[in-house]
Amino acid sequence: RVGHALVPFGRRLILFGGRQYMDNSFDAAMHCFDLRTQKWTRLTVGGESPRLRTGHSAVACSGAMLVFGGLGNSGEYFNDAFVLRLFD
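Residues numbered from 1 in each chain as written. Predicted model: local features only at pLDDT ≥ 70, side-chain atom pairs only at ≥ 80, totals over all residues. Heavy atoms only, no water.

> How should I be thinking about the pattern of salt bridges in this particular structure?
A side chain of one charge can pair with a side chain of the opposite charge when the charged atoms of the two come close. All told, the structure shown has two salt bridges when counted by the stated rule. Notably, a salt bridge pairs Arg-1 with Asp-27, separated by 2.7 Å at the nearest N-O pair. Pair noted here: Arg-1 is in the segment before strand 1 (5-9) and Asp-27 is in the loop between strand 2 (12-16) and strand 3 (30-34), with a separation of 26 residues, a long-range link. With a shortest N-O distance of 2.8 Å, Asp-80 and Arg-53 are connected by a salt bridge. Of this pair, Asp-80 sits in strand 7 (residues 77-85) while Arg-53 sits in the loop between strand 4 (39-43) and strand 5 (57-61); the two residues are 27 residues apart in sequence, bridging distant segments of the chain. On the basis of relative accessibility, which here comes to 0%, the residue Arg-53 falls in the buried class. (Salt bridge = Lys/Arg side-chain N within 4 Å of Asp/Glu carboxyl O. Helix = DSSP H or I, 4+ residues; strand = E, 2+ residues; numbered from the N terminus. Buried < 20%, exposed > 50% of the residue type's maximum accessible area, 1.4 Å probe, protein only.)

> Got a minute to help me understand the nonpolar core in this structure?
Generally speaking, a soluble globular protein has its nonpolar side chains buried in company with each other. Grouped together as the largest cluster of nonpolar side chains are eleven residues: Ala-5, Val-7, Phe-9, Ile-14, Phe-16, Met-30, Cys-32, Met-65, Val-67, Leu-84 and Leu-86. Here Leu-84 is in contact with Phe-16, Met-30, Val-45, Pro-50, Ala-64, Met-65 and Val-67, once residues within four sequence places are set aside. (Core = buried A, V, L, I, M, F, W, Y, C linked by side-chain atoms within 4.5 Å. Contact = heavy atoms within 4.5 Å.)

> Got a minute to help me understand the side chain of Thr-54 in this structure?
Position of Thr-54 among the secondary structure elements: in the loop between strand 4 and strand 5. We classify Thr-54 as buried; its relative accessible area is 8%. Side-chain polar atoms of Thr-54 contact the backbone oxygen of Gly-3, separated by 3.4 Å. When near neighbours in sequence (up to four residues on either side) are disregarded, Thr-54 contacts Val-2, Gly-3, Gly-18, Arg-19, Phe-26, Gly-70 and Leu-71. (Polar contact = N/O pair within 3.5 Å; in protein donor to acceptor, adjacent residues only side chain to side chain.)

> Where do I start with the pairing of strand 5 in this structure?
Regular strands place their side chains on alternate faces of the sheet. The pairing of strand 5 with strand 6 (residues 64-71) spans five bridges and is antiparallel. Looking across to strand 6, one finds that Val-59 is bridged to Leu-66. Counted along the chain from strand 5 to the antiparallel partner strand 6, the turn is two residues long, and its residue Ser-62 has a positive phi close to 50°. (Pairing = 2+ DSSP bridges.)

> Explain the environment of Ala-28 here, please?
Note on placement: Ala-28 falls in the loop between strand 2 and strand 3. On the accessibility criterion, Ala-28 (21% relative accessible area) is partly exposed. Sequence separation of Ala-28 and Ser-57 is 29 residues, and the distance between their C-alpha atoms is 14 Å. Every residue in contact with Ala-28, bar those within four places of it in the chain, is listed here: Phe-16, Pro-50 and Leu-52.

> How should the sheet that holds strand 6 be read in this particular structure?
Strands belonging to one sheet form pairs held by backbone hydrogen bonds; the direction of such a pair is parallel or antiparallel. The sheet built from three strands is open, its strands ordered 5-6-7 with antiparallel pairing. Two strands lie at the open edges of the sheet, namely strand 5 and strand 7, each paired on one side alone. Each neighbouring strand pair of the sheet contributes to a mean axis angle of 10°, computed without reference to strand direction. (Axes fitted to C-alpha atoms, helices over the stretch in contact; angles between N-to-C directions.)

Structure follows, in structure tokens:
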């Protein structure tokens, strides 16, 4: 995977977006890597989720992941922001 965003959240890392390196397909899924168990889990996004994107920025703050900008799968550049709330 390339062009994704990865932010720390407690003892986990939260991954959003990006694209597959081999076939260049975009992915809007969220995944969680647990640093204790060394296992990946796919997360469910409730409500409106950001469109497919790569090359975006993200930061974790106050229990949320803020995602900004990036490049869409049709070649459009985004100038939007989403707040994805993270829960324990």
